[in-house]
Amino acid sequence: LFAGLLIPSEELFYRGKIFTLLFDEKLFSLRKTILWVDTLNIILYVPAWIYLASNPNALLYGTIVLIYKLILSTISTYIIYRWRNIYVGFAANVAFSMIIIQPFYL
């Protein structure tokens, strides 16, 4: 589900369409584009973070995941800018998602 549907749609929408719209068409600066893409991407994960907030033990884990997701989004957006390669961000997102899901199965 992650590798086949959610992550490709996230990468294509945020680092594909939104990046192209803001950076190439609206001529936003790279810093402003990254800020917008990261903000919109993190909004996607806020409901999961709120759900984890109901359990104090999972809240810290969810906060750390949210911070790492923000860093991953920033790096992926920069890779799109520098090399116009969405596959690297996709692979990193799949690997990260596989790692963060593991504690829920333990």
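To be clear, the structure that these remarks concern was listed above.
The following refers to the structure shown. Note on numbering: residues in each chain are counted from 1, in written sequence order. This being a predicted model, a pLDDT of at least 70 is required before a residue's local features are given, and a value of 80 or more before pairs of side-chain atoms are given or counted; all residues contribute to the totals for chains, interfaces and linings. With hydrogens and water stripped out, all remaining heavy atoms of the structure feed into the side-chain values.

### What about the packing of helix α2 (residues 30-52) against helix α3 (residues 56-83)?
One way to put it is that α2 packs onto α3 with a least axis distance of 9 Å and a crossing angle of 155°. What the angle tells us is that α2 and α3 run roughly antiparallel. Read as a crossing pair, α2 and α3 show a hand that is right-handed. Only Ala58, Leu59, Gly62, Thr63, Leu66, Lys69, Leu70, Ser73, Thr74, Thr77, Tyr78 and Tyr81 of α3 make contact with α2, whose side of the interface consists of Leu30, Ile34, Val37, Asp38, Asn41, Ile42, Tyr45, Trp49 and Leu52. Interaxial angles span 0 to 180 degrees and are taken between N-to-C directions of axes, which are lines fitted to C-alpha atoms, for helices over the stretch in contact. Starting at the N terminus, helices and strands are each numbered in turn, a helix being any DSSP run of H or I of at least four residues and a strand any DSSP run of E of at least two. Angle categories are assigned with fixed cut-offs, so that under 35 degrees is roughly parallel, over 145 is roughly antiparallel, 65 to 115 is roughly perpendicular, and the rest are oblique. In a left-handed crossing the near helix is turned counterclockwise from the far helix by less than a right angle, and in a right-handed crossing that turn is clockwise. We call two residues in contact whenever any of their non-hydrogen atoms come within 4.5 Å of each other.

### Some words on α3
Over its 28 residues, α3 extends 41 Å from the first C-alpha to the last, a length consistent with the 40 Å expected when each residue adds 1.5 Å. Among the residues trailing α3, Arg84 stands out with phi positive, at a value near 50°. Here a helix's expected span is defined as the number of its residues, less one, multiplied by 1.5 Å.

### Re the pattern of salt bridges
Basic side-chain nitrogens of Lys or Arg form a salt bridge, by our definition, when they fall within 4 Å of a carboxyl oxygen of Asp or Glu. Under the definition given, this model contains four salt bridges. Between Glu10 and Lys69 there is a salt bridge whose closest N-O contact spans 3.9 Å. Linking Glu10 in helix α1 (residues 2-25) with Lys69 in helix α3, this pair joins segments that are 59 residues apart in sequence. Buried, partly exposed and exposed residues are distinguished by accessible area as a fraction of the type maximum, computed with a 1.4 Å probe on protein chains only: under 20%, between the cut-offs, and over 50%, respectively. Since its relative accessible area comes to 5%, Lys69 is described here as buried. Here Arg84 ties to Asp24 by a salt bridge, and the two come within 3.0 Å at their closest N and O atoms. Here Arg84 is found in the loop between α3 and α4 (86-105), whereas its partner Asp24 is found in helix α1, with 60 residues between them in sequence. The exposure class of Arg84 is partly exposed, given its relative accessible area of 46%. By relative accessible area, Asp24 is classed as partly exposed at 32%.

### Quick notes on unusual backbone geometry
You will see that Leu27, though not glycine, has its phi angle at about 60°, which is positive. Here Leu27 lies in the loop between α1 and α2. Judged by relative accessible area, Leu27 falls into the exposed class, the value being 68%. Phi angles above zero are rare outside glycine, and Arg84 is one such case at about 50°.

### With respect to a nonpolar patch on the surface
A cluster of nonpolar side chains, namely Leu60, Ile64, Ile67, Tyr68, Ile71 and Ile75, defines an oily patch on the protein surface of about 590 Å² accessible area. You can call Tyr68 partly exposed: its relative accessible area is 48%. A patch is a set of surface residues, each over 30% in relative accessible area and not in a salt bridge, joined within 9 Å for like charges and within 5 Å for the nonpolar side chains Val, Leu, Ile, Met, Phe, Trp and Tyr. Surface accessibility follows the Shrake-Rupley procedure with a 1.4 Å probe radius. Residue values consider only the protein chains on display as shielding.

### With respect to the side chain of Glu10
Exposure remark for Glu10: the relative accessible area of 6% places this residue in the buried category. Within the local environment of Glu10, its side chain forms a polar contact with the side chain of Arg15, the two groups lying 3.4 Å apart. Residues contacting Glu10, with those up to four places away along its chain left out, are Arg15, Asn41, Leu44, Tyr45, Lys69 and Asn93. Contacts described as polar in this section are N or O atom pairs within 3.5 Å, which, within protein, must combine one atom able to donate a hydrogen with one able to accept it, while residues neighboring in sequence count only if both atoms come from side chains.

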